[in-house]
Structures are given as structure tokens and as C-alpha cells.
Amino acid sequence: MATHKIKNQTVLEVESEIIPGDTAWMMMSTVLVLFMTLPGLILYYSGMIRIQNVLATAMQIFSITCLISALWMFFGYSLAFAPAHGHSSSFIYGDTSRFWLLGMHPTSTHQLAPNIPESLFCSFQMTFAIIAPSLIVGSFADRMKFIPMLIFMALWHLLVYCPIAHSIWHPDGFLFKAGALDFAGGTVVHISSGMSGLISTLVIGNRQGFGDEEKKHLTAPHNILFTVMGSCMLWVGWFGFNAGSSMSAGVLATNAFLNTFLSSSFGAIAWLLTEWYFRSKIPLPHLPSFFHTTQGSQASLEWSMVPWLDSSRSHQPVDMSIRRHLISSELSVGSFAISALN
Amino acid sequence: LKYRLRIDDALDAFGVHAVGGIVGGILTGFFSNEHINGADGVFYAPLDVGLTQVGKQIYGIVVVTLWACIVSLIILLGLKYSIGLRVKPEVEMNGLDKKFFREEIAAVHFHHPSEAPGSHLLQTSQSLLGEIAMNILHFPHFQLPSHTPLTQSLPEPHSVPTSPPPSDNGAHPI
């Protein structure tokens, strides 16, 4: 076993040890989370827009990936996760000690992940930093200019993502000290990007033809199979996202792993039941059957994603089914049974 | 709901992520467990301790929400009134692919499979693969409504002089 005993550079002076098994799983998780963004989110989003915007959306997400990677190396990692030295790290930002990854050497570790190399911790967090702005793309799809989009994402990364990540995850962050829990980015990634998405929608305005029955084709999804494939890739990627957030390959990871699996399944079942329940009651407007199928499946995929997010908060997926005012008592019993596992 | 409020969050980033994140964040206050998460939630602790954890979760969520909203708003408004955020209406109508990348998914132009480049090859090959490809190209989504300005502004479809006339009732070797 080629383990290295090294001294962690923290105020806590934790003895840290690089464990090959943990390192292997975390590398796998890193790739899985990137996989969520790069083919997963691209397919998921580009399936739901008009065909004239497919390449634009794909290119937006792709270029965000490259942009944020570079920014993360230059500034972001240090601003969010610079190891605490007890003096310069503030409650909302890190410090400049890791700009250009200065001071990160092959055997250094981070106090939040004492069993893997710091370079791997940096890579893993980088994939989170990438997926957060990529999610916002869905809000202004079809109508935003490219260069302003890049500028917005760069500023958003530095001014929104990094402070939030630092506040919640870093031991010096004020939300961390207040005791707010976020296991795998439910707050850091999803609330921040969702809220920013809402704001960007409000600022940029609606698409042409939105909410207009006559011009429904202007906002219609063009290929739901893309969305289906993207959702499947996202499901696969969630294993890295959630189980990787334990920063180790131990029982916490396997627990999150099982929860991720079950919550996705139960979320999809919950959605199916909702859809079945409401569709059978509400008379559908007169539309070509094309719209029925696409909107049905689009909505189902979106809602079935929601519980996955819940599981990213560390557990207990299935309560989402209750939240979706659902319905069958068996489901809720099932959900509590699963929560008991934790 | 987004149709009722007339907020065009095109692909539901808010509905999926913010709502899911908020609910998950609050539920963490209920389900978290000392051994796993480092603090006990409502279901594993005395009620007052658990509710304190819920309060902490809500505190975190409110702070993050406000921060994300305010800073995004500042950035976006700054960009909107300096270099502009939104594409021109006609560009939006025609799609962003052409404007910014000068490329398109080729199927935009096709009104009929026989207009696709190389479709004559598919038709003459009569192979299984060609038949599948023809069926994909004939997928009705690719046919845009002809009465919209969208199709009027598109260039002429590729002319394939050597292509035989389309045979809708052609032989199906499958």
C-alpha cells in the first residue's frame, strides 16, 4: 500500500493519509459529475428546445465548462476552498493563497478531504462549480447572446458560487459555523443556480410565442429522446455527485449511493402516479398528439429529477413523493422505511 | 404555474433546482442524523434541538437565496444596459445556431426526406441502415409549419439534382 503520511496544513493539524481506495473512487466520481454536464446536461437541455438552437445551447454549456475550469484554477478554488490558515480566510471568501493553484503539491491534502490528494479535491469541486452555471443555461435558453452569457457566467462564478461554496462548506464560512448542513450541493449548487435562473428569466424576458397557443411551435421541444438520454446520463452521474460528496469510499458513500438510486426510482414513480392521476381528471386542450406526448414526457423527466436533488442533500429521497402531494399511502410508508435506513 | 405567472423559465431551472433544493434543504433539518451528518434533525433528536436544526437550514437557504438573487440581478442588469443580453427578434426566430456559429443541425431545412443531402444514396442503397435513416429523417418533428415566418426566412433547401422523385410507397425490404 503506497500510502503517504503527511502533515495537513490546517489549524486543526489533522493527521491526513492518502488512501488509494478513496482516491480511486473520488476520481471516478469526478468523471461522473463531469459526465452529468458534458453529455448529460447538453442532451437534456438541447432536446427540449427548438432545433434551431441545439448547437447554440450545446456550445454554451461546453464553453461554460472550459471557462469555469480555467477560472477555477486561476481564482475560484482559492476563493472558495483555500485551506484555512487561521488568519487570512474570511467568513465569506477564501484567500489568495491558492491562486493559480500555488502551493498545491502532489502530497498535499485538504482538511475537508483528508484522505485524497488536494489536486483531486480541487478537480472534484471543479466539476460542481461547472455544473452550477450550466444549469442556469436552461432558464434563458433560446434567446441570449453568447459573449454576454460568458461574461455573466464568469462573474456569477466568482461573485455568487465561490462565496456561497465557501460560506457553507469551508470551516471558516459563516453558514458552516452556523450549522447549516449541505451534503452534496443542494444549497450551493441548486438553490443558487435555480434562483439565478429565475432572475435571468425575469431580466431577459420571455421567449417569443411563450404562453401563446397559436405560436406553440416556437417553444416546442424538438426531440424528446435527447432529453430522455440526457436524463439517464444525469441519473448515472448523480452517483458521483452524491456518493462522491462523502470524499471517501466508506459507508457514507455507499449510503448516499443507495439513496441516490432509490430516490431516483421513487421520484419517477411518484411523478408517473401524479401524471396518471391528474391527466385522467383534467381534460386536455385540443392539440396535436405530438404536443401531448412531448409535454407529458418533458414534464415527467423534469419532475422525476426533483427527488434526485433532494437526495443530494444527503438522504431520504422519497419524501419528495409526499411533497408532490402524493398520494398513495404505500409510497409514503416506503419513504419512511427508506429513511429509517439512514 | 410558470404559465400562470407568465415567467418563461424555458427549461425549468428554477422549478427543478431551486424548488428541489429548498425542499431538500429544509427536509435535511428533519432527517439529518448525528452519526451521518454531524447534527440531529427533528426525527432523531428532542424536538427543540431538531427544530433548531431546521431553523439553521432555513437560515442558510434564505441567505443563499438572497445572495444569489441580488448578485445575479446586479450582474445581469449591468450587462443588459451595457452590451445587451438578448438577441434580435429575427435572430431569435431563426435560431441561434446560424447567427453565432454559422452551423446548423442539417435537418432544419428538410421539408421532405428527399431534400436531404445524400438522400438519393439512401434511397438507392435500399439497405436496412438506409431504411432506418429514411425513417428518422421523415420524423414529423422536422417538418416546420409552413405558414410561419420561420420557414420563409430559411434559405432554399439543398437541391439534389440527381435524386429520384420521392417514393412514399416504396418497397420496404425489412
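The shown structure was predicted, so the numbers you read here are calculated from the model rather than taken from an experiment. (Residues numbered from 1 in each chain as written. Chains lettered and ligands numbered in written order. Predicted model: local features only at pLDDT ≥ 70, side-chain atom pairs only at ≥ 80, totals over all residues. Heavy atoms only, no water.)

Here the focus is the overall build of chain B. Scanning chain B for helices and strands turns up nine helices and zero strands. Ordered by position in the sequence, the α and β elements of chain B form the string α-α-α-α-α-α-α-α-α. Per-residue burial for chain B yields a buried fraction of 41% across its 174 residues. Accessible surface for chain B amounts to roughly 9600 Å². Of this, 65% is attributable to carbon and sulfur atoms. (Helix = DSSP H or I, 4+ residues; strand = E, 2+ residues; numbered from the N terminus. Buried < 20%, exposed > 50% of the residue type's maximum accessible area, 1.4 Å probe, protein only. Areas by Shrake-Rupley, 256 points an atom, 1.4 Å probe, with all protein chains shown as cover.)

For chain A, the helix and strand inventory stands at eleven helices and four strands. Burial analysis of chain A (342 residues in total) assigns 63% to the buried set. Here the contacts in chain A between residues at least 6 apart in sequence split such that 74% fall between residues at least 24 apart. Surface accessibility of chain A: about 12200 Å² in total, with carbon and sulfur atoms responsible for 73%. (Contact = heavy atoms within 4.5 Å.)

Helix length check: helix H3 (residues 118–136) of chain A (19 residues) gives 28 Å between terminal C-alpha atoms against 27 Å at 1.5 Å per residue, within 8%. In terms of burial, H3(A) is largely enclosed, as 16 of its 19 residues are buried. (Expected span 1.5 Å × (residues − 1).)

For the rest of this paragraph, the subject is the packing of helix H1 (residues 20–46) of chain A against helix H7 (residues 224–243) of chain A. Residue and element names in this part refer to chain A. One can describe the packing of H1 onto H7 by two numbers: an axis separation of 7 Å at closest approach and a directional angle of 155 degrees. Taken together, H1 and H7 sit at an angle that is classed as roughly antiparallel. For the pair H1 and H7, the sense of crossing is left-handed. The class makeup of the residues in the contact of H1 with H7 is 18 nonpolar, eight polar and no charged. (Axes fitted to C-alpha atoms, helices over the stretch in contact; angles between N-to-C directions. Parallel < 35°, antiparallel > 145°, perpendicular 65-115°, else oblique. Left-handed = near helix turned anticlockwise from the far one by under 90°. Nonpolar A, V, L, I, M, F, W, Y, C, P; charged D, E, K, R; others polar.)

Turning our attention to the packing of aromatic side chains. All names here are of chain A. Enumeration according to the criterion identifies 20 aromatic pairs over all chains in this entry. Geometrically, the ring pair formed by Tyr-77 and Phe-81 is tilted, given 6.4 Å between the ring centres and 35 degrees between the ring planes. Of this pair, Tyr-77 and Phe-81 both sit in helix H2 (residues 54–81), four residues apart, which is roughly one turn of the helix. An identical accessibility class is assigned to Tyr-77 and Phe-81; each is buried. Taken together, Trp-72, Tyr-77, Phe-81, Phe-121, Phe-124, Phe-128, Trp-156, Tyr-161, Trp-169, Trp-238 and Phe-241 form an aromatic cluster joined through their ring pairs. (Phe/Tyr/Trp six-rings, centres within 6.5 Å; stacked < 30°, edge-to-face > 60°.)

Let's shift gears to the packing of H1(A) against H2(A). All names here are of chain A. At a minimum axis separation of 9 Å, H1 and H2 run at an interaxial angle of 160 degrees. Overall, the two elements H1 and H2 adopt an arrangement that is roughly antiparallel. Every pair of crossing elements has a handedness; the one defined by H1 and H2 is right-handed. Listed contacts from H2 to Leu-34, Thr-37, Leu-38, Leu-41, Ile-42, Tyr-45 and Ser-46 of H1 are Val-54, Thr-57, Ala-58, Ile-61, Phe-62 and Thr-65. Its residues assigned to classes, the contact of H1 with H2 shows nine nonpolar, four polar and no charged.

We now examine the nonpolar core. A general trend in soluble globular proteins is that nonpolar side chains are found buried together. Residues and elements named next belong to chain A. Membership of the largest hydrophobic core comes to 84 residues, with the highest contact counts inside it found for Tyr-45, Trp-72, Phe-140, Phe-152, Tyr-161, Val-189 and Phe-241. For this core, the leading source of residues is helix H4 (residues 146–169), giving 15 residues. The residues contacting Val-189, other than those within four sequence positions of it, are Phe-128, Ile-131, Ala-132, Leu-135, Tyr-161 and Phe-241. (Core = buried A, V, L, I, M, F, W, Y, C linked by side-chain atoms within 4.5 Å.)

It is worth spelling out the confidence of the model for chain B at this point. Residues and elements named next belong to chain B. For chain B, per-residue confidence averages 64 on the pLDDT scale, and 42% of positions sit at 70 or higher. The least confident element of chain B, judged by mean pLDDT, is helix H7 (residues 119–125) at 43; the most confident is helix H4 (residues 47–80) at 87. Segment residues 107–128 is flagged for pLDDT under 50; beyond a separation of four residues in sequence, or across chains, it makes 54 contacts in the model. Contacts for the low-pLDDT stretch residues 139–154, under 50 throughout, to residues beyond four places or in other chains number 30 contacts. Interface confidence in the predicted complex, given as ipTM, is 0.73; pTM for the same model is 0.73. (pLDDT = per-residue confidence, 0-100.)

Moving on: the pairing of strand S4 (residues 113–117) of chain A. Each regular strand carries side chains that alternate between the two faces of the sheet. Residues and elements named next belong to chain A. Looking at chain direction, strand S3 (residues 109–110) and S4 are connected through two bridges and run antiparallel. Each bridged residue has a counterpart across the sheet, and for His-110 the counterpart in S4 is Ala-113. Taking the residues that link successive antiparallel strands as the turn, the S3-S4 hairpin has two residues. (Pairing = 2+ DSSP bridges.)

Taken together, the side chains of A:Ile147, A:Ile151, A:Leu155, A:Leu159 and B:Ile83 define a hydrophobic patch exposed on the protein surface, amounting to about 380 Å² of accessible area. Relative to the assigned elements, A:Leu155 resides in helix H4. (Patch = residues over 30% accessible without salt bridge, like charges linked within 9 Å, V, L, I, M, F, W, Y side chains within 5 Å. Salt bridge = Lys/Arg side-chain N within 4 Å of Asp/Glu carboxyl O.)

Attention now moves to H4(A). In an α-helix, one full turn covers 3.6 residues, which means residues spaced three or four apart are oriented alike. The sharpest bend along H4(A) reaches about 40 degrees and sits at A:His157. Taking burial as the measure, the 24 residues of H4(A) include 20 buried ones, the bulk of the element. (Bend = angle between axes of the 7 residues up to and from the residue.)

Take the environment of B:Val54 next. As for its position among the elements, B:Val54 is in helix H4. Measuring from C-alpha to C-alpha, the distance between B:Val54 and B:Gly25 comes to 8.7 Å, with 29 residues separating the pair along the chain.

Residues and elements named next belong to chain A. This prediction gives chain A a mean pLDDT of 73; 70% of its residues lie at or above 70. Contacts from residues 1–13, a stretch scored under 50 in pLDDT, to residues over four places away or in other chains number 31 contacts. The low-confidence segment residues 281–342, where pLDDT is below 50, has 151 contacts with residues more than four positions distant or belonging to other chains.

All names here are of chain A. Here Ser-167 shows up in helix H4. From its side chain, Ser-167 meets the backbone oxygen of Pro-163 in a polar contact 2.6 Å long. Aside from chain neighbours lying at most four places away, what touches Ser-167 is Phe-91, Ile-92, Gly-173, Phe-174, Leu-175 and Phe-176. (Polar contact = N/O pair within 3.5 Å; in protein donor to acceptor, adjacent residues only side chain to side chain.)

What follows concerns the side chain of A:Ser248. Along the chain, the position of A:Ser248 falls in the loop between H7 and helix H8 (251–279). Setting aside residues no more than four positions away along its own chain, A:Ser248 makes contact with A:Asp22, A:Trp25, A:Met26, A:Ala243 and A:Ala253.

Turning to unusual backbone geometry, a few remarks are in order. Peptide bonds are mostly trans, and most non-glycine residues show a negative phi. All names here are of chain A. Backbone geometry places Leu-101, a non-glycine residue, at a positive phi of 55 degrees. Along the chain, Leu-101 falls in the loop between H2 and S3. Judged by its relative accessible area of 23%, Leu-101 is partly exposed. For Met-247, which is not a glycine, the phi torsion comes out positive at approximately 60 degrees. The topology assignment puts Met-247 in the loop between H7 and H8. A residue is classified by how much of its surface remains accessible, and Met-247, at 10% relative accessible area, is buried.

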